[in-house]
Amino acid sequence: AQSVTQLDSHVSVSEGTPVLLRCNYSSSYSPSLFWYVQHPNKGLQLLLKYTSAATLVKGINGFEAEFKKSETSFHLTKPSAHMSDAAEYFCVVSDQANFGNEKLTFGTGTRLTIIP
Amino acid sequence: GAVVSQHPSWVICKSGTSVKIECRSLDFQATTMFWYRQFPKQSLMLMATSNEGSKATYEQGVEKDKFLINHASLTLSTLTVTSAHPEDSSFYICSANGYSYEQYFGPGTRLTVT
């Protein structure tokens, strides 16, 4: 069984300051991990993904995440927040054991608010 | 590339009627499509997985006779909510994958049952 826990339901940061969105996972297999962003009334967009390659993953829009197996964490960071980053962020785990038919398990989401 | 569309984007129907939602992969062939449900301010819950030409696999607790899924081609899957009730009101999202680990998501369909 796989699961993912997003530790903060809501994060507020000032524009230009760092962003940290926390995620812990549980998986029976070697997991794939993703971060998706959902802007209001828009579909989910993939920010970045980890699939057993480099543990530090760089994504779009300046976001990155580090896979830490010992801590079962996959926290999302960005050095400097922009107003356009305000959205809902989902940490997602996938069971790689069923290639081509993977089920994604979503966290409960973190709403990021940017203060001008 | 890798665009998934959904139609309609918003639908209102009366209680007891059925409504069909389409999910299309526009520029790639999707071997597998997934249907999710998202309640307001909550996460996405997987409802079912469909493979082209075969029956969908439903998650535990999802009524297969109520949520009919058809994956008729490599670019189209449909979700029909039969005999809809107000508690079926939700945001329905589909996704599709080809031959990679990444799923591409549609923009979602908001269903309101009155």
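All values derive from a computational prediction rather than experimental measurement.

Trainee: Help me out: how do you make sense of the pairing of strand S1 (residues 3-6) of chain A in this one?
Mentor: For a regular strand, the rule is simple: side chains alternate between the two faces of the sheet. Residue and element names in this part refer to chain A. Taking every second residue as pointing to the same face, the buried face of S1 carries Val-4 and Gln-6, while none of Ser-3 and Thr-5 on the other face is buried. The sheet contact formed by S1 and strand S4 (residues 23-26) spans 4 bridges and is antiparallel. Each residue of the ladder has a partner; that of Gln-6, found in S4, is Cys-23.

Trainee: Help me out: how do you make sense of the state of the cysteines in this one?
Mentor: Throughout this description, disulfide means a covalent bond between two cysteine sulfur atoms. Residue and element names in this part refer to chain B. Under the criterion given, the structure shown has 2 disulfides over all chains. Shown here is the disulfide that connects Cys-23 with Cys-94, its sulfur atoms set 2.0 Å apart. Where Cys-23 bonds to Cys-94 through sulfur, the torsion about that S-S bond is close to 80 degrees, and the disulfide is right-handed. Pair noted here: Cys-23 is in strand S3 (residues 19-25) and Cys-94 is in strand S9 (residues 90-97), with a separation of 71 residues, a long-range link. Relative accessible area serves as the criterion here: at 0%, Cys-94 is assigned to the buried category. Cys-13 takes part in no disulfide bond, and the closest cysteine sulfur, belonging to Cys-94, lies 18 Å away. When its relative accessible area of 9% is taken as the criterion, Cys-13 is described as buried.

Trainee: Sorry, what's going on with the environment of Ser-3 of chain A here?
Mentor: All names here are of chain A. Position of Ser-3 among the secondary structure elements: in strand S1. Along the primary structure Ser-3 and Gly-107 are separated by 104 residues, whereas in three dimensions their C-alpha atoms are 7.6 Å apart. Leave out the neighbours within four places in its chain, and Ser-3 touches Asn-24, Tyr-25, Ser-26, Val-93 and Thr-105.

Trainee: Please explain the sheet that holds S3 of chain B as it appears in this structure.
Mentor: In a beta sheet, neighbouring strands are held together by backbone hydrogen bonds and run either parallel or antiparallel to one another. All names here are of chain B. Taken together, the 4 strands give an open sheet; going across it, the order is S1-S3-S8-S7, and neighbouring strands pair in antiparallel fashion. What marks the edges here is a single partner per strand, and that holds for strand S1 (4-7) and strand S7 (67-73). Ignoring which end each strand starts from, the neighbouring axes of this sheet average 15 degrees apart. Bridging between S1 and S3 involves 4 bridges; their strand directions are antiparallel. Directly across from Val-4, in S3, lies its bridge partner Ser-25.

Trainee: In this structure, what is going on with the environment of Tyr-50 of chain A? I would like to understand it.
Mentor: Residues and elements named next belong to chain A. Counting through the fold element by element, Tyr-50 comes out in strand S6 (residues 44-50). On a C-alpha basis, the gap between Tyr-50 and Phe-106 in space is 15 Å, while along the polypeptide they are 56 residues apart. In this structure Tyr-50 touches Pro-31, Ser-32, Leu-33, Thr-55, Val-57, Phe-67 and Phe-74, once residues within four positions along its chain are discounted.

Trainee: Honestly, the packing of aromatic side chains in this entry has me stumped. Any pointers?
Mentor: Note on aromatic pairs: each is described by the distance of the centres and the angle between the planes. Residue and element names in this part refer to chain B. Per the stated rule, a full pass over the model turns up 13 aromatic pairs over all chains. With centroids separated by 6.3 Å and ring planes inclined at 45 degrees, the aromatic side chains of Phe-67 and Tyr-92 adopt a geometry described as tilted. Here the residue Phe-67 occupies a position in strand S7, and Tyr-92 occupies one in strand S9, the gap between them amounting to 25 residues. The same class applies to Phe-67 and to Tyr-92, which are both buried.

Trainee: Explain the interface of chain A and chain B here, please?
Mentor: Accessible area lost during the coming together of the parts is what is often quoted as the interface size. In this complex, chain A contributes 21 residues to the contact, which on the side of chain B involves 22 residues. Between chain A and chain B, a total of about 1800 Å² is buried, with carbon and sulfur atoms accounting for 53% of that surface. The interface formed by chain A and chain B holds 1 salt bridge in total. Across the pair Glu-59 of chain B and Lys-103 of chain A runs a salt bridge whose closest N-O atoms are separated by 3.0 Å. Where chain A meets chain B, there are 4 residue pairs in polar contact (both at pLDDT 80 or more).

Trainee: I would appreciate a short explanation of the nonpolar core in the present structure.
Mentor: Most often, soluble globular proteins keep nonpolar side chains buried together rather than apart. Residues and elements named next belong to chain A. The biggest cluster of nonpolar side chains holds 26 residues, and the ones touching the most others in it are Trp-35, Leu-48, Phe-74, Leu-76 and Tyr-89. The leading source of residues in this core is strand S10 (residues 87-95), at 4 residues. Leu-48 has contacts with Leu-33, Phe-34, Trp-35, Val-57, Lys-58, Gly-59, Phe-63, Glu-64, Ala-65, Phe-74 and Leu-76, leaving out every residue within four places of it along the chain.

Thresholds, definitions, all that
Residues numbered from 1 in each chain as written. Chains lettered and ligands numbered in written order. Predicted model: local features only at pLDDT ≥ 70, side-chain atom pairs only at ≥ 80, totals over all residues. Heavy atoms only, no water. Buried < 20%, exposed > 50% of the residue type's maximum accessible area, 1.4 Å probe, protein only. Helix = DSSP H or I, 4+ residues; strand = E, 2+ residues; numbered from the N terminus. Pairing = 2+ DSSP bridges. Disulfide = S-S within 2.5 Å. Contact = heavy atoms within 4.5 Å. Axes fitted to C-alpha atoms, helices over the stretch in contact; angles between N-to-C directions. Phe/Tyr/Trp six-rings, centres within 6.5 Å; stacked < 30°, edge-to-face > 60°. Buried area = accessible area lost by both parts, 1.4 Å probe. Salt bridge = Lys/Arg side-chain N within 4 Å of Asp/Glu carboxyl O. Polar contact = N/O pair within 3.5 Å; in protein donor to acceptor, adjacent residues only side chain to side chain. Core = buried A, V, L, I, M, F, W, Y, C linked by side-chain atoms within 4.5 Å.

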